[in-house]
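So you can see what is in the structure, the chains are spelled out below.
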Amino acid sequence: MSDPIVPLPAPGFLSDAARAGLEVPIVRTPSPALDDAAGWEAMVEQTDAMIAQMLGGMTLPMTSELRQVNGVPTYVVTPEGAPTAEDSPVYLSIHGGGLITGGGDLTRVMTGISALSAPVVHWAPDYRMPPAHPYPAALDDVVAVYKTLLEVRDPSRIVVGGGSAGGNLAAALLLRAKAEGLPMPAALILLTPEVDLTESGDSFATLADVSVGLQSLCETNLLYAGGHDLADPYLSPLFGDVTGFPSTLLVSGTRDLFLSNTVRMHRRLREAGVDADLHIFDARPHAGYGNAPEEALVSAEIGAFVSKHVGAPTNSSQEI
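Residues numbered from 1 in each chain as written. Predicted model: local features only at pLDDT ≥ 70, side-chain atom pairs only at ≥ 80, totals over all residues. Heavy atoms only, no water.

## With respect to the sheet that holds strand E1 (residues 62-69)
Right, on to step 1. Pairing is mixed across the open sheet formed by eight strands, whose spatial order is E1-E2-E4-E3-E5-E6-E7-E8. The open sheet has two edge strands, E1 and strand E8 (276-285), and neither has a second partner. Strand after strand, the sheet turns through a mean of 20 degrees between neighbouring axes, direction not considered.
Right, on to step 2. Of the pairings in the sheet, the one linking strand E2 (residues 72-79) to strand E4 (residues 121-125) comprises four bridges and is antiparallel in character. Paired with Tyr75 across the two strands is Ala124, which belongs to E4.
Right, on to step 3. Across the sheet, helix H8 (residues 259-271) touches strand E6 (187-191), strand E7 (247-255) and E8, and the angle it forms with E7 is around 150 degrees. (Pairing = 2+ DSSP bridges. Helix = DSSP H or I, 4+ residues; strand = E, 2+ residues; numbered from the N terminus. Axes fitted to C-alpha atoms, helices over the stretch in contact; angles between N-to-C directions. Contact = heavy atoms within 4.5 Å.)

## What to know about the environment of Phe239
Right, on to step 1. Here Phe239 lies in the loop between helix H7 (218-225) and E7.
Right, on to step 2. Residue classification places Phe239 among the partly exposed positions, given a relative accessible area of 30%.
Right, on to step 3. Setting aside residues up to four positions removed in sequence, Phe239 forms contacts with Asp196, Thr198, Ser200, Ala231, Pro233, Arg264 and Arg268. (Buried < 20%, exposed > 50% of the residue type's maximum accessible area, 1.4 Å probe, protein only.)

## Quick word on the nonpolar core
Right, on to step 1. One finds Trp123, Val160, Leu173, Phe245 and Met265 to be the most contacted residues of the largest nonpolar core, which totals 49 residues.
Right, on to step 2. Apart from the residues within four sequence positions on either side, Phe245 is in contact with Ala171, Leu174, Leu175, Met184, Leu188, Leu269 and Val274.
Right, on to step 3. If you look at the next biggest cluster of nonpolar residues, it comprises 22 residues, including Val159, Leu249, Val251 and Val306. (Core = buried A, V, L, I, M, F, W, Y, C linked by side-chain atoms within 4.5 Å.)

## Overview of the confidence of the model for the protein
Right, on to step 1. Predicted confidence across the protein gives a mean pLDDT of 94, with 97% of residues reaching 70 or more.
Right, on to step 2. pLDDT under 50 marks residues 313-320. Its contacts with residues more than four places away, or in other chains, come to 23 contacts. (pLDDT = per-residue confidence, 0-100.)

This is the structure:
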């Protein structure tokens, strides 16, 4: 393990809470060897436990139910006041975690936090991950859930979205949907998406010693790919044909290692004629500002985007 790196001082205009989150020393931990399944499993378990401790104790104003959807365990999370009629909108929410962490009950918790920004019913697949299940298991799972969702919702009532690794799978899902002749959803949300597993963008170099909470995932990406070419569009959707994608919201920050991923994906969408909105927040790191007040601005943009494309939430007593 290398010595901790002290990042640049946070800008003074931020709140105390936001500045504190940006000035945490950066510690780079080496990954296990690619063939060390036990080592990866231990790392995943340790990381999940750390995330669970960070998020533990949160009271979220919503209910959740674990269902089997087309063979995939999927959390159905319903925020208080969310519309639940037969034609009410559904957000297909794909969790992050570097394509190896965030499974199990963490899927439910992280989806509950995401649902605070968009108070509609969320479907969250607990997709399979390495080391036991490399590509294409995760993508197959989210495609399976999307197909079932299309059976109960018109595509105009569906939003697909995800952050980080979830953004990778959300974009790859739409590439697969297009290839299989499935309809596009009403909208796509890519929150600092991991859309380039080759890590070829500029910010992977320029922000390496600035990005708190996220460092290069090169070894993890190779584990996920399971021997497939990292530049394959289903692995790195940045390199895919995004023509015909729905309106897309993209969010990143100037201290986010995936800044290049986000701005390059925005440009690719625009060049393909897709209506795409890009929001870059000054000094925002990969995981966001946390509980700092600045994060409310991000949440408001997400909520407004969802409301614009699938309608403003209204109360309903009918269950989904």
